[in-house]
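Reading the structure
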Amino acid sequence: MGEIKLQSYHHYIIRAKWILPILAPPIIDGAIEIKGKKIVSIGKFKEVFKKTAFAKPINFEESIILPSLVNVHTHLELSALRYKIVLPSDNFISWVKNVINLKKELTVSEIREAARASLYNLWKEGVGIIGDVGNTAITLPLLCNSPFYGYFFNEVLSFRGGYNLKEIKIDTESLNFKITYSAHAPYSVSPLLLQAIKAYNKKRKKLFCIHCAESLEEVEFLKTGKGQLLSLLKEKGQWNEDFIPPKLSPVKYLYKLKLLDKDTLLIHVVYIDEEDLEILKKTGVKICICPKSNLFTGVGLPEIKRFIFAGLDICIGTDSLASNDQLSIWEELRTLYIHYPDISPDIFLKMATFNGAKVLGFEKMGALLPGYYAHMLVVEIKDYLTDNPKETLLNLINAEKEIKYRLYV
Ligand SMILES: [Zn+2]
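Analysis parameters
- Going along each chain's sequence as written, the residues are numbered from 1 onward.
- The predicted origin of the model limits local features to residues at a pLDDT of at least 70 and limits the giving and counting of side-chain atom pairs to 80 or more, whereas totals for whole chains, interfaces and linings rest on all residues.
- Annotation comment: domain bounds sourced from an automatic or database domain assignment.
- Secondary structure elements are defined from DSSP: runs of H or I of at least 4 residues count as helices, runs of E of at least 2 residues count as strands, and each element is numbered from the N terminus.
- Here a residue counts as buried when 20 or more other C-beta atoms fall within 10 Å of its C-beta, as exposed when 12 or fewer do, and as partly exposed in between; the C-beta atoms come from the backbone.
- Should DSSP find at least two bridges between two strands, the strands are taken to pair.

This brings us to the domain arrangement of the protein chain. As far as domains go, the protein chain holds domain 1 (2–67 + 366–408) and domain 2 (69–359). Looking at the side of domain 1 that touches domain 2, the elements with two or more residues in it are strand 6 (64–67), helix 14 (389–398) and strand 16 (401–408). Broken down by element, the side of domain 1 that touches domain 2 gets its largest block of residues, four residues, from helix 14.

Below is the structure:
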């Protein structure tokens, strides 16, 4: 894969057979004019070229140009667990126990080196923005010294409470990464601590991120206070005798705690009912789906059509290599297409680009329009590129392909 780091003093005109602006229909024989790292104009080559006689031309011919991808949810520090958990798991709790036990055996250098390899693969796969969750911050220096943009969520896990939310300091060189606290899940963080983490984020205008409604065991625990999660909490010395089961679904429980609003990001959201859907709609909460992870842990896929029909902001994450064989947004897209072939591919591509950038708060990224940053991928597919836009999008998702170039600022 070639790389072109765009220079602010250059004036470029980039041409390709197909350009996918994401927020506008695909353009055949398109061109993008770039000046000062930002897109100035985009359209048919003939029209853009007329106005840009002095620009440096780059012609990618039989290629597709689209914005770089966004992986909204991963845990790079679990990368060293790749292939260590037998798949597929038919029991969510046994998967959780495996992660807890195997994680303890990892050394700091194993964690760091596997995370470094994952970052390299994410770059090769065309990802430009990452939402990374970690309990140790071992991955933070890697992220801050990388060409990625994103969020690092310092994840809190404490059902007994008693966690000190100190101010997180960030050095000035790492302005491409935002850092804040996140909560693991409704069953692993005490209600008071959940509210404290939300308050911390609200005060600093940061995103509050939490796994939610991932498994039936989570639903059972919140509705009855019983089940395998109760046993697990007791086994790990995390059970809180003062906890009164809310007798609510995960979404309703978080809503009752006043944690749901447009600055909250829920990960997974597999188990919801009609009332939950109404709450998700009226609060404007954001949702990140992780389809391959859900298939791996055996919890099933979220009801994506209901989300789309309700007009919710959906984005995509891979989750970690403890529940996925690779951190590839392309493979997540392919999985979505296999399970939902009647959903238009442009909806999935928007989830993997613009929606992800918007949810993580990166303005003017994730689409190719005037005023947007020129973070782009030049992709060649092995099949012949047709003149049909829908076929082109389907080929992009399903066919064998290669990212020939990355353009970034
Ligand atoms: Zn996760």
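Read on for the rest.
On to the pairing of strand 8 (residues 127–134). The buried fraction of strand 8 is high, at eight of eight residues. With four bridges connecting them, strand 7 (residues 69–74) and strand 8 associate as parallel partners. Along strand 8, the bridge assignment pairs asparagine 71 with isoleucine 130. Alignment of strand 8 against strand 9 (residues 149–156), held across six bridges, turns out to be parallel. Opposite glycine 131, over in strand 9, you have tyrosine 151 as the bridge partner.

The subject of this paragraph is unusual backbone geometry. You will see that tyrosine 83, though not glycine, has its phi angle at about 70 degrees, which is positive. When you line up the elements, tyrosine 83 lands in the loop between strand 7 and helix 2 (92–104). Positive phi, close to 65 degrees, is recorded for alanine 137, a residue that is not glycine. According to the C-beta neighbour criterion, alanine 137 is partly exposed, with 14 such atoms within 10 Å.

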